[in-house]
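# Descriptive structure summary
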Amino acid sequence: MSLLSPYLAALGVSVSWKHKTGNDGNDDTYTTSTITVLWAHGAKVIRTAQGDELQCQAICKCEAAVEAGDVLTKDSRDYPVLGLVGVAYDGSMRSVALGGSRSGGA
C-alpha cells in the first residue's frame, strides 16, 4: 500500500494496461491487465525522470510498474506511455506521461 492508495480508492479510474513484454520478430507482444489510476488530461510539456522533455496529452499516477512502451486504454482509446515522470523513493507509486489517444482499445 502506498500513499496513493486512498486516492485511487476514492478517485481512481480503471484502465486496461498493456505491458510490453517483448517482440516476436514482427510485432511487439503485450500482457494485458486492469489497473486503477489517477488520470489528468491536458497537453503540456513535462520533464521525465531521465531529464527528457516530452509533449504529453495526459499524466497518470498509479501503483503498477507502468513504463515507456506500454499502452493504457481508457474509454476505448489507446494512450501510449511516453516516459516515466517520477517514482516514489520506495517504488510504490509512479507518474507517467501519455501520448495522444488513438482509437482502438483492448
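It should be emphasised that the depicted structure is a prediction, and the values quoted were computed from it without experimental measurement.

Calculation criteria
- Residues numbered from 1 in each chain as written.
- Predicted model: local features only at pLDDT ≥ 70, side-chain atom pairs only at ≥ 80, totals over all residues.
- Heavy atoms only, no water.
- Helix = DSSP H or I, 4+ residues; strand = E, 2+ residues; numbered from the N terminus.
- Rg over C-alpha atoms; globule rule 2.2 N^0.38 Å.
- Buried < 20%, exposed > 50% of the residue type's maximum accessible area, 1.4 Å probe, protein only.
- Contact = heavy atoms within 4.5 Å.
- Areas by Shrake-Rupley, 256 points an atom, 1.4 Å probe, with all protein chains shown as cover.
- Core = buried A, V, L, I, M, F, W, Y, C linked by side-chain atoms within 4.5 Å.
- Phe/Tyr/Trp six-rings, centres within 6.5 Å; stacked < 30°, edge-to-face > 60°.
- Salt bridge = Lys/Arg side-chain N within 4 Å of Asp/Glu carboxyl O.
- pLDDT = per-residue confidence, 0-100.

## What about the overall build of the protein chain?
In terms of helices and strands, the protein chain carries one helix and seven strands. Of the regular secondary structure in the protein chain, the N- to C-terminal order runs α-β-β-β-β-β-β-β. A compact globule built from 106 residues should have a C-alpha radius of gyration of about 13 Å, and the protein chain, at 13 Å, falls within 12% of that. Reported as C-alpha extents along the three principal axes, the dimensions of the protein chain are approximately 40 × 30 × 25 Å. Burial statistics for the protein chain: of 106 residues in total, 37% are counted as buried. Sequence separation of at least 24 residues holds for 52% of the intrachain contacts in the protein chain that already meet a minimum separation of 6. Within the structure as shown, the protein chain displays about 6000 Å² of accessible surface, and the carbon and sulfur contribution to it stands at 49%.

## Topic: the nonpolar core
I35, W39, V66, L72 and L98 are the most contacted members of the largest nonpolar core, which totals 16 residues. Mapped onto this core, the elements with two or more residues apiece are β1 (13-23), β2 (28-47), β3 (53-62), β5 (77-87) and β6 (94-98). In this view, L98 contacts W39, C56, Q57, A58, C60, L72, Y79, P80, V81 and L82; residues no more than four positions away in its chain are not counted.

## Comments concerning the packing of aromatic side chains
Per the counting criterion, the structure on display carries one aromatic pair. Centroid distance W39 to Y79: 5.0 Å. Interplanar angle 75°. Geometry classified as edge-to-face. Here W39 is found in strand β2, whereas its partner Y79 is found in strand β5, with 40 residues between them in sequence. A single burial state applies to W39 and to Y79, both of which are buried.

## Digging into the pattern of salt bridges
Counted under the stated rule, the structure contains four salt bridges. Between K20 and D28 there is a salt bridge whose closest N-O contact spans 3.5 Å. Between R47 and E53 there is a salt bridge, with its nearest N and O atoms 2.9 Å apart. Per residue, the accessibility class of R47 equals that of E53, and both read exposed.

## Digging into unusual backbone geometry
Its identity is not glycine, yet D75 carries a phi of approximately 55°, on the positive side. Structurally, the position occupied by D75 is in the loop between β4 (71-74) and β5. With a relative accessible area of 62%, D75 lands in the exposed category. Positive phi is not limited to glycine here, since S76 has a value of about 65°. Residue placement: S76 occurs in the loop between β4 and β5. Owing to a relative accessible area of 53%, S76 belongs among the exposed residues under this scheme.

## Focus on the confidence of the model for the protein chain
Averaged over every residue, the pLDDT of the protein chain is 89; the share at 70 or more is 96%. The secondary-structure element of the protein chain with the lowest mean pLDDT is strand β7 (residues 102-103), recorded at 69, while β4 shows the highest, at 95.

## A few points about the side chain of S95
Here S95 lies in strand β6. Taking the relative accessible area as the measure of exposure, S95 reaches 8% and is therefore buried.

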